[in-house]
Amino acid sequence: MCTPNVCVQASCACFSFDQTFRAFNAHRNPFECVGVAHNVGLEHLEGRSVQGELEASYDSLTSFLAGRYNIAKRDFLPWASIENAFIDTVPDGYRSFSRLVRDAAGAERKILEDLQDILLTVESQKSFERKIDKLVRNILGKSKMDRQTLAKLLGLTAVAKHSFNYWNAISNTDFFHEDAQARRGNGFWADMVGFVVGVAITVATGGGDPVGNGIAAGTFFSNARRR
């Protein structure tokens, strides 16, 4: 089973459905380690600028993640496959996330809408944790949803939780005291879009490590917004 400590130190098998869903705790996100690993990537890039040679910077990040999580370097997406999405997302992560919401349908769209609402309106850390936990239970209760979609939504929720906390911790302002308009400019939106992009392209091309690519793309997308 994938736990935060295991995922921080070794191979992250969060998209290994048989391992992860066999013994999950219904009160906890079985894909929590996705968010933990994502923040490890952000901490690695802290103080480093992705401006300049983007391909070289992305290669440096994937080399770090490959070594940290025992993922083969060849299993990471090449820069060319995510470059256009990166260019489109970085200027306005919230706009890109809103587009993901609009393009989704049914139960998946409702989950994304609920996640968006939490991030825009929640007013305290305690409430944030409680609402995210409730959303996780809601996702796990979608028995008719295919496992690939379940994994994507649970991973995305974990990235949202940890990314929100990461950027809030290093911000000069407290996100919980900002209004919805101000929160739309925060970096965690690009983190989430990058995660979805990394997973989607990996699944579409039929090769590589979905969670590793989700973490790599999400980390790189939002890091470009550092001042």
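As the structure is a prediction and not an experimental result, all values here were calculated from the model.

Engineer: I keep staring at the overall build of the chain and nothing clicks. Help me out?
Structural biologist: When helices and strands are counted, the chain shows twelve helices and zero strands. In the chain, the succession of helices and strands from N to C terminus is α-α-α-α-α-α-α-α-α-α-α-α. Nonlocal contacts in the chain, meaning residues at least 24 apart in sequence, comprise 70% of its contacts between residues at least 6 apart. Working note: accessible area of the chain is about 10,300 Å², and carbon and sulfur atoms make up 48% of it.

Engineer: Explain the nonpolar core to me, please; I cannot follow it from the model alone.
Structural biologist: Among the nonpolar cores identified, the biggest contains 65 residues, and Phe97, Leu115, Leu119 and Met192 are the most heavily contacted of them. With eleven residues, helix H9 (residues 147-170) is the single largest residue contributor to this core. Phe97 has contacts with Leu112, Leu115, Gln116, Leu156, Trp189, Met192 and Val193, leaving out every residue within four places of it along the chain.

Engineer: What's the story with the packing of helix H4 (residues 54-69) against helix H12 (residues 210-223) in this structure? I'm lost.
Structural biologist: Describing two packed helices takes the angle between their axes plus the distance from one axis to the other. At their nearest, the axes of H4 and H12 sit 10 Å apart, and the two run at 135° to each other. The angle between H4 and H12 falls in the class oblique. For the pair H4 and H12, the sense of crossing is right-handed. In this structure, H4 uses Leu54, Ser57, Tyr58, Leu61, Thr62 and Leu65 to contact H12, whose residues at the interface are Asn213, Ile215, Ala216, Thr219 and Phe220. For the contact of H4 with H12, the per-class residue count stands at seven nonpolar, four polar and no charged.

Engineer: I would appreciate a short explanation of helix H6 (residues 93-103) in the present structure.
Structural biologist: Each α-helix turn comprises 3.6 residues. Residues three or four places apart therefore point the same way. Within H6 the residues assigned to the buried category are Gly93, Tyr94, Ser96, Phe97, Ser98 and Val101. Where H6 is buried, its residues contact helix H5 (79-89), helix H7 (106-121), H9 and helix H11 (188-205).

Engineer: Would you mind showing me how to read the side chain of Asn186 here?
Structural biologist: Structurally, the position occupied by Asn186 is in the loop between helix H10 (180-183) and H11. By relative accessible area, Asn186 is classed as buried at 13%. In this structure the side chain of Asn186 is engaged in a polar contact, spanning 3.3 Å, whose partner is the side chain of Glu178.

Engineer: Could you clarify how one ought to interpret the environment of Ile139 in this entry?
Structural biologist: Tracing the backbone through its elements, the reader meets Ile139 in helix H8 (residues 125-140). Residue class for Ile139 comes out buried when judged on its relative accessible area of 0%. With ten residues separating them in the primary sequence, Ile139 and Thr149 have C-alpha atoms 9.8 Å apart. When residues no more than four places from it in sequence are discounted, the contact partners of Ile139 are Ile111, Leu150, Leu153, Leu154 and Thr157.

Engineer: Is there a simple way to think about the pattern of salt bridges in this case?
Structural biologist: Once the charged atoms of two side chains with opposite charge are near each other, the side chains can pair. Inspection of the entire model under this criterion finds eight salt bridges. Because the salt bridges share partners, they merge into one network encompassing Glu32, Glu129 and Lys161.

Engineer: Quick question: what am I supposed to make of the confidence of the model for the chain here?
Structural biologist: Do not read the fine detail of predicted coordinates wherever pLDDT is low. Scored by pLDDT, the chain has a mean of 85; 84% of the residues are at 70 or more. At the low end of the mean pLDDT range in the chain sits helix H1 (residues 4-9), at 42; at the high end sits H7, at 97. In the model, residues 1-13 has pLDDT below 50 throughout and makes 34 contacts with residues more than four positions away in sequence or in other chains. Within the model, the stretch residues 17-24 combines pLDDT values under 50 with 20 contacts to residues more than four positions away or in other chains.

Quick notes on the rules
Residues numbered from 1 in each chain as written. Predicted model: local features only at pLDDT ≥ 70, side-chain atom pairs only at ≥ 80, totals over all residues. Heavy atoms only, no water. Helix = DSSP H or I, 4+ residues; strand = E, 2+ residues; numbered from the N terminus. Contact = heavy atoms within 4.5 Å. Areas by Shrake-Rupley, 256 points an atom, 1.4 Å probe, with all protein chains shown as cover. Core = buried A, V, L, I, M, F, W, Y, C linked by side-chain atoms within 4.5 Å. Buried < 20%, exposed > 50% of the residue type's maximum accessible area, 1.4 Å probe, protein only. Axes fitted to C-alpha atoms, helices over the stretch in contact; angles between N-to-C directions. Parallel < 35°, antiparallel > 145°, perpendicular 65-115°, else oblique. Left-handed = near helix turned anticlockwise from the far one by under 90°. Nonpolar A, V, L, I, M, F, W, Y, C, P; charged D, E, K, R; others polar. Polar contact = N/O pair within 3.5 Å; in protein donor to acceptor, adjacent residues only side chain to side chain. Salt bridge = Lys/Arg side-chain N within 4 Å of Asp/Glu carboxyl O. pLDDT = per-residue confidence, 0-100.

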